[in-house]
Amino acid sequence: MSEPKVFDKILTDIIRQEKGIRKVILVDKTGLTIANVSKLSYYPVDVDSIGAIASAVFCASEEQGKNLQIGELEIVTSEFSEGKIFASACGKGVLCVVSEAEVNIGLIRLLMKKQGVQLAEELDKFLAVEPSTPAKDRELDEEDLKSALAELERV
Amino acid sequence: MRKDDRGRIHLKLVFYGPSLGGKTTALRWLYGKVEGLQKGEFTAIEDETNRTLFFDYVPMSAGGRVLFDVFTVAGQKRHRHQRKVVLQGTDGLLFVADSSPDQRDENVESFEELKLFLGDALGREIPIVVMLNKRDLPNRMSRDEMLDLLGLGGNVPIYETIAIQGVGVKRAFQAIAREVILKRMYK
Ligand SMILES: Nc1nc2c(ncn2[C@@H]2O[C@H](COP(=O)(O)OP(=O)(O)OP(=O)(O)O)[C@@H](O)[C@H]2O)c(=O)[nH]1
Ligand SMILES: [Mg+2]
């Protein structure tokens, strides 16, 4: 399994490059938020639900493209009066950037494309946990699952 | 099963079934009424009449390092593609069937669609629990009639529920959560 911190590092690299970027989120295509970074000044939000929507919106667009047979989806851009959301494919995941309204769109697209390649590689390693999980991790998982089972009966 | 950057285990559970069958009602009841579960925020993408357009979503945990990401799909027929998207990576399914007799065909269609989307994985890699909902209706179909309709034998757990009152909902949820965990432990 690849070190989770590696995602933080790549996302931080992105957020540092353009001052209008407020938040960068990495999600997988099932709606799970894998990592996220924010500018300190940015107001707190519920990252899990933001991630779930980001992933779903991107996958829905992808599906739409398939229906219309217009090729591969590269980026989804949503423009709001006070900000923008960009979502792009990165292998098994979706990279999502939230920015202010006035930003250098070209730069953001370029950043997302460039870092997307590296993220895709890291994601492949990260999501391949199951076959390559060391025995120690598997035992830990088993403990977690057992205690969840016990908790569930008490609910 | 997936993990986040804190190493917590995530399991994805999806409520599936025909429109107006009670999926959102059941999830809202779990969200509002079940004390023992810790929950994040309730996200709903729905129209003004509260019919789901894309999905509802709530993260839940029974404490510890296992999280359930619980979704409902949009049941109306035209939202077929959204349902396919929401189904990605599902670890377990709660199928909510509607007991009103006039929803007979809708139940069948929805269940057939689910089988089509998931193929052989349904019931094998992906466990399923069925809720026969709206058992409070005076003209409800009988349990046997509904099981026949859906072609269900003895190997799928069935719960009779009244989602508006919460009857049976917690048990059905516990059942699917349990199945999904056991599947992970002993596969
Ligand atoms: N009588 C009765 N009504 C119910 C029950 N459960 C839900 N309902 C009602 O059925 C209607 C539809 O419920 P929803 O939970 O929105 O249905 P849904 O399955 O989420 O529908 P979609 O979002 O369109 O897929 C609402 O008016 C509920 O109050 C039940 O157990 N008994
Ligand atoms: Mg609904």
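Please refer to the structure placed before this passage.
These lines cover the structure that appears in this document, whether it is placed above or below. Keep in mind the model is a prediction, meaning the values are calculated, not measured. Here the residue index of a chain counts from 1 through its sequence in written order. Chains and ligands are labelled by the order in which they are written, letters from A for the one and numbers from 1 for the other. Since the coordinates come from a predicted model, pLDDT governs what is reported: local features require at least 70, and pairs of side-chain atoms require 80 or more to be given and counted, while whole-chain, interface and lining totals use all residues. In computing side-chain values, all of the structure's heavy atoms are included and hydrogens and water are not.

## Quick look at the pairing of strand β5 (residues 93-99) of chain A
All names here are of chain A.
Phase 1 of the analysis: Buried residues dominate β5, accounting for seven of its seven residues.
Phase 2 of the analysis: Neither face of β5 is open: one carries G93, L95, V97 and S99, the other V94, C96 and V98, and all of them are buried.
Phase 3 of the analysis: Criterion used throughout: strands pair if DSSP finds at least two bridges between them. By definition, any uninterrupted DSSP run of H or I lasting at least four residues is a helix, any uninterrupted run of E lasting at least two residues is a strand, and each is numbered from the N terminus. Pairing geometry for strand β1 (residues 21-28) and β5, over seven bridges, is antiparallel. When the bridges of β5 are listed, L26 appears paired with L95.
Phase 4 of the analysis: Alignment of strand β4 (residues 83-90) against β5, held across seven bridges, turns out to be antiparallel. When the sheet's bridge partners are listed, C90 is paired in β5 with G93.
Phase 5 of the analysis: Linking β4 to β5, which pair antiparallel, is a turn of two residues; within it G91 sits at a positive phi near 60 degrees. Three labels apply to residues, based on accessible area from a 1.4 Å probe with only protein chains included: buried if under 20% of the type maximum, exposed if over 50%, partly exposed otherwise in between.

## Re the packing of aromatic side chains
Residues and elements named next belong to chain B.
Phase 1 of the analysis: Note on aromatic pairs: the rings of Phe, Tyr and Trp (six-membered ring only in Trp) are paired at centre separations within 6.5 Å, and the planes decide the class, stacked below 30 degrees, edge-to-face beyond 60, tilted for the rest. Summed over all chains, the structure comprises seven aromatic pairs over all chains.
Phase 2 of the analysis: Both rings, one in F95 and one in F111, keep their centres 4.9 Å apart while their planes meet at 70 degrees; by these two values the pair is edge-to-face. Linking F95 in strand β7 (residues 92-98) with F111 in helix α3 (residues 104-118), this pair joins segments that are 16 residues apart in sequence. Of the two residues, F95 and F111, both sit in the buried class.
Phase 3 of the analysis: An aromatic cluster of at least three residues, connected via ring pairs, comprises F54, F55, Y57 and F71.

## Let's talk about the packing of α3 of chain B against helix α4 (residues 143-150) of chain B
Each pair of packed helices can be described by the angle between their axes along with the distance between the axes.
All names here are of chain B.
Phase 1 of the analysis: In this analysis, axes come from line fits to C-alpha atoms, helices being fitted only over the stretch in contact, and the angle between any two N-to-C directions falls in the range 0 to 180 degrees. Their axes nearest at 9 Å, the elements α3 and α4 cross at an angle of 40 degrees. On the basis of the axis angle, α3 is oblique to α4. Read as a crossing pair, α3 and α4 show a hand that is right-handed. Contacts from R104, N107, V108, F111 and K115 in α3 reach E145, M146, L149 and L150 in α4.
Phase 2 of the analysis: When residues are grouped by polarity, Ala, Val, Leu, Ile, Met, Phe, Trp, Tyr, Cys and Pro land in nonpolar, Asp, Glu, Lys and Arg in charged, and all others, Gly among them, in polar. Class assignment of the residues belonging to the contact of α3 with α4 gives a composition of five nonpolar, one polar and three charged. Every angle not falling under 35 degrees, over 145, or within 65 to 115 is termed oblique; those three ranges are roughly parallel, roughly antiparallel and roughly perpendicular. Working rule for handedness: look at the near helix, and if it is turned counterclockwise from the far one by less than a right angle, call the crossing left-handed; if clockwise, right-handed. Whether two residues are in contact is decided by their heavy atoms: any pair within 4.5 Å suffices.

## A look at the packing of helix α2 (residues 80-87) of chain B against α3 of chain B
Residue and element names in this part refer to chain B.
Phase 1 of the analysis: Remark: α2 packs on α3, axes separated minimally by 11 Å, with the N-to-C direction vectors making an angle of 50 degrees. On the basis of their axis angle, the class for α2 and α3 is oblique. Considering the relative orientation of α2 and α3, their crossing is right-handed. Residues R80, R83, K84 and L87 of α2 touch α3, and the partners they reach there are E113, L114, L116, F117 and L118.
Phase 2 of the analysis: Grouping the constituent residues of the contact of α2 with α3 by class yields five nonpolar, no polar and four charged.

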